[in-house]
Amino acid sequence: MQFHPPNSYAIKQASHEVYEIRRNPASTPAEAAEATAKSIAFNDMVNVPSGAKNISWNHG
């Protein structure tokens, strides 16, 4: 399950094109590398909500 606060949802939408380049087998290695760098830059812009890193999930 994914839960996107407004900031991360906007970044997810803005970064969708680079995601598609990265997953496309027809992309050249250079295109994929550039898309990966852009994806990392987008991810660095996500604000992690306070307390989010303390959430644990019990599976079982």
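See above for the structure.
Since the structure is predicted, the reported quantities are computational estimates derived from the model, not experimental observations. (Residues numbered from 1 in each chain as written. Predicted model: local features only at pLDDT ≥ 70, side-chain atom pairs only at ≥ 80, totals over all residues. Heavy atoms only, no water.)

## Remarks on the overall build of the protein chain
Along the backbone of the protein chain there are three helices and zero strands. On C-alpha atoms alone, the protein chain measures out to a radius of gyration of 14 Å, which is more than a quarter above the 10 Å that the 2.2 N^0.38 rule sets for 60 residues. Overall, the C-alpha framework of the protein chain stretches about 40 × 30 × 15 Å when taken along its three principal axes. The buried share of the protein chain, reckoned over its 60 residues, is 12%. Carbon and sulfur atoms provide 56% of the accessible area of the protein chain, an area that totals close to 5200 Å². The averaged location of the 5 negative side-chain charges in the protein chain is 9 Å from the averaged location of its 5 positive side-chain charges. (Helix = DSSP H or I, 4+ residues; strand = E, 2+ residues; numbered from the N terminus. Rg over C-alpha atoms; globule rule 2.2 N^0.38 Å. Buried < 20%, exposed > 50% of the residue type's maximum accessible area, 1.4 Å probe, protein only. Areas by Shrake-Rupley, 256 points an atom, 1.4 Å probe, with all protein chains shown as cover. Lys, Arg positive; Asp, Glu negative; His and termini not counted. Charge placed at Lys NZ, Arg CZ, Asp CG, Glu CD.)

## What to know about a nonpolar patch on the surface
There is a patch of nonpolar side chains on the surface, built from Met1, Ile55 and Trp57 and spanning about 490 Å² of accessible area. On the secondary structure map, isoleucine 55 appears in the segment after helix H3 (29-44). (Patch = residues over 30% accessible without salt bridge, like charges linked within 9 Å, V, L, I, M, F, W, Y side chains within 5 Å. Salt bridge = Lys/Arg side-chain N within 4 Å of Asp/Glu carboxyl O.)

## A word on the pattern of salt bridges
Applying the stated criterion to the full structure yields two salt bridges. Its salt-bridge partner being arginine 23, residue glutamate 20 comes within 3.2 Å of it at the nearest N-O pair. Here glutamate 20 pairs with arginine 23, and both are found in helix H2 (residues 16-23), just three residues apart, close to one helical turn. Residue classification places arginine 23 among the exposed residues on the basis of a relative accessible area of 52%.

## With respect to the packing of H2 against H3
At a minimum axis separation of 8 Å, H2 and H3 run at an interaxial angle of 145°. Along this stretch, H2 crosses H3, giving a crossing that reads as left-handed. Each of Val18, Ile21 and Arg22 in H2 lies in contact with H3, whose residues at this interface are Glu31, Ala32, Ala35, Thr36, Lys38, Ser39 and Phe42. Looking at the contact of H2 with H3 residue by residue, the class counts come to five nonpolar, two polar and three charged. (Axes fitted to C-alpha atoms, helices over the stretch in contact; angles between N-to-C directions. Left-handed = near helix turned anticlockwise from the far one by under 90°. Contact = heavy atoms within 4.5 Å. Nonpolar A, V, L, I, M, F, W, Y, C, P; charged D, E, K, R; others polar.)

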